[in-house]
Structures are given as structure tokens and as C-alpha cells.
Amino acid sequence: MNPPRLVLASASPARLALLRQAGMAPEVVVSGVDEDTLSAPTPSALARVLAEAKATAVAARMEGADALVVGCDSVLELDGRPLGKPADAEEATARWKDMRGRSGVLHTGHCVIDTRVPGEEGRRSVTASTTVHFGRPTDEEIAAYVASGEPLHVAGAFTLDGRSGPFVDGIEGDHGNVLGLSLPTLRRLLRELGIAVTDLWAPR
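Residues numbered from 1 in each chain as written. Predicted model: local features only at pLDDT ≥ 70, side-chain atom pairs only at ≥ 80, totals over all residues. Heavy atoms only, no water.

Caption draft 1: Region of the structure containing helix α3 (residues 89-99). If you check which residues of α3 are buried, you get Ala92, Arg95, Trp96 and Met99. The buried residues of α3 occupy one face: seen down the axis, they fall within an arc of 100°. A distance of 3.3 Å separates the backbone nitrogen of Glu90 from a side-chain oxygen at the start of α3, and that oxygen is part of Asp88. (Buried < 20%, exposed > 50% of the residue type's maximum accessible area, 1.4 Å probe, protein only. Helix = DSSP H or I, 4+ residues; strand = E, 2+ residues; numbered from the N terminus. Arc of directions from axis to C-beta. Polar contact = N/O pair within 3.5 Å; in protein donor to acceptor, adjacent residues only side chain to side chain.)

Shown next as C-alpha cells:
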């Protein structure tokens with residue numbers, strides 16, 4: 001079979017950038033899934049459920065097309081609680097004051113659906129997890145960061161490739177996973193579906 005169209009079921013600029021930097025040229029189709037309606041028993045499971053929902057919603061629109069749909073979603077786990085995007089500046093501020101000097105686990109669910117293969121045979125999903133060690137930003141630094149608006153748009157109210165990068169002391173695991181997509185994880189899921197990641201490289 002010829003390589004299918006690569007479709008990213010996410011509006012995340014970071015995920016799109018990661019795929020492009022890895023030589024791919026995905027189309028972007030936003031799922032429209034209401035994340036607040038979904039639940040799971042653990043933060044890790046929630047990340048996977050969200051990724052599966054996004055990929056499934058977009059794959060349903062690809063009927064008749066040779067498409068490979070990639071859905072991802074990230075959840076920060078702190079004290080066993082799942083933390084997505086903060087609802088407002090007040091929540092973002094409180095969260096950063098709670099996170100500083102501590103460690104959390106960033107879970108990113110990955111779901112890949114090959115629309116050319118019917119049923120579960122054409123679907124793979126998994127959660128990848130990375131430990132994040134937060135620094136100790138001052139109250140003034142937290143206020144400035146929240147005022148930038150950035151933490152309201154990212155899971156866990158932080159991102160490594162943005163203004164909060166200086167407030168993260170280190171990570172244990174895949175850097176890309178914290179940004180929203182683990183390329184090694186994606187490669188493994190593709191291999192399970194019989195697809196080589198190199199087949200998805202865009203022509204130079």
C-alpha cells in the first residue's frame with residue numbers, strides 16, 4: 001500500500017512543529033471533542049481516553065480516504081490528580097504556587113488510526129509519561145508568567161518551549177512527550193500497524 005495522508009487531530013502548534021521537524025508534513029484537522037465530558041480512573045488513562053476520542057472523531061470524517069490519523073492529549077499528574085489547562089488566571093497562579101519545588105508526571109496519550117484498515121486492527125493507542133521537576137519561581141515571576149496568557153493554553157499550565165522553560169529544572173523521559181507528542185512512541189505505534197515512520201517523510 002502507498003503511504004496514507006498523515007492527519008494530526010490536534011490544534012497544538014507544538015505537536016505540528018515536532019512532526020515537521022521530524023520530516024513529516026501532516027494536515028491538521030481539529031477534532032472538536034469536548035474534553036470536559038470525558039473521564040477515566042487515572043490521569044494516565046485519561047490522557048489515553050482523550051487521545052482516542054480525538055483520533056476517532058477525525059477518522060470518522062476521513063471515510064473513504066487513505067488517512068493515518070494521529071490524536072494526542074496531555075494531562076499533568078500532581079498528587080494523583082489530573083491537571084489539564086487551567087480555567088483562568090487565578091487557577092493558573094494557584095497551580096504554579098503548588099507545583100514549584102515539586103515534581104509531577106506529564107502523561108501524553110497517543111492514538112493512531114489507519115483508516116484503510118477496518119476495526120481495531122487499524123488502531124493503536126498508548127500513554128507515554130515523563131517526570132517533570134519544577135523549579136521555584138518567585139511570586140513575581142509567577143504573576144508575570146500568568147499575565148502573559150501562555151499557561152491558560154497548555155496542559156499543566158506550563159510548557160518547555162515557552163516562557164515557563166526557565167521554571168523547569170529538568171525532566172526524566174522524552175522531551176517531546178512533554179511538548180505533546182513522543183516521536184519514539186509514535187514510531188512504535190506505526191510499526192505495530194506495519195508502517196515505517198520513514199515512509200511518512202515529506203519529499204525534500
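Okay, back to it.
Caption draft 2: Seen up close, the packing of α3 against helix α4 (residues 139-147). For the pair α3 and α4, interaxial distance at closest approach is 10 Å and the crossing angle is 145°. Considering the relative orientation of α3 and α4, their crossing is right-handed. Contact residues: α3 offers Ala89, Ala92, Thr93, Trp96 and Lys97, while α4 offers Asp139, Ile142, Tyr145 and Val146. Within the contact of α3 with α4, the residues separate by chemical class into six nonpolar, one polar and two charged. (Axes fitted to C-alpha atoms, helices over the stretch in contact; angles between N-to-C directions. Left-handed = near helix turned anticlockwise from the far one by under 90°. Contact = heavy atoms within 4.5 Å. Nonpolar A, V, L, I, M, F, W, Y, C, P; charged D, E, K, R; others polar.)

Caption draft 3: The arrangement of the UniProt feature "active site" (unreviewed entry) in the chain in detail. Within this structure's numbering, the places UniProt gives as "active site" (unreviewed entry) are Asp73. Within the secondary structure layout, Asp73 lies in strand β3 (residues 67-78). For Asp73, a relative accessible area of 5% puts it in the buried group. In this structure, Asp73 is in contact with Arg15, Glu35, Ala47, Leu50, Ala51, Lys54, His107, Thr108 and Gly109, ignoring residues within four places of it in sequence. Separated by 2.5 Å, the side chains of Asp73 and Lys54 make a polar contact. (UniProt positions renumbered as here; feature names shortened; annotations may be inferred.)

Caption draft 4: Structural context of the pairing of strand β1 (residues 5-8). Two strands pair when backbone bridges link them, and β1 and β3 are joined in this way by four bridges, in the parallel orientation. Counted as the bridge partner of Arg5 is Ala67 from β3. Bridge count between β1 and strand β2 (residues 27-28): two bridges; the pairing is parallel. Across the sheet, residue Leu8 finds its bridge partner in β2, namely Val28. One crossover worth recording links β1 to the parallel β2 by way of helix α1 (residues 13-21), and it is right-handed. (Pairing = 2+ DSSP bridges. Right-handed = clockwise from strand over helix to strand, strands pointing away.)

Caption draft 5: Structural detail: unusual backbone geometry. In this structure, Asp79 is a non-glycine residue whose phi angle is positive, near 55°. Residue placement: Asp79 occurs in the loop between β3 and β4 (81-83). With phi around 65°, Ala157 is a residue other than glycine that occupies positive phi space. Within the secondary structure, Ala157 sits in the loop between α4 and β7 (168-172).

Caption draft 6: Highlighting the pattern of salt bridges. Summed over the entire model, instances satisfying the criterion amount to 13 salt bridges. Across the salt bridge formed by Lys54 and Glu35, the nearest N and O atoms sit 3.3 Å from each other. Here Lys54, found in helix α2 (residues 43-61), pairs with Glu35, found in the loop between β2 and α2; they are 19 residues apart in sequence, far enough to count as distant. The exposure class of Glu35 is partly exposed, given its relative accessible area of 31%. Note that Asp98 and Arg102 form a salt bridge whose closest N and O atoms lie 3.1 Å from each other. A cluster of three or more residues bridged by salt bridges with shared partners is formed by Asp79, Arg81, Asp98 and Arg102. (Salt bridge = Lys/Arg side-chain N within 4 Å of Asp/Glu carboxyl O.)

Caption draft 7: How the structure looks around the side chain of Ser125. Note on placement: Ser125 falls in strand β6 (residues 123-134). Overall, Ser125 belongs to the buried group, its relative accessible area being 15%. There is a polar contact of 2.5 Å between the side chain of Ser125 and the side chain of Glu52. In this view, Ser125 contacts Arg48, Glu52, His110, Cys111 and Leu189; residues no more than four positions away in its chain are not counted.

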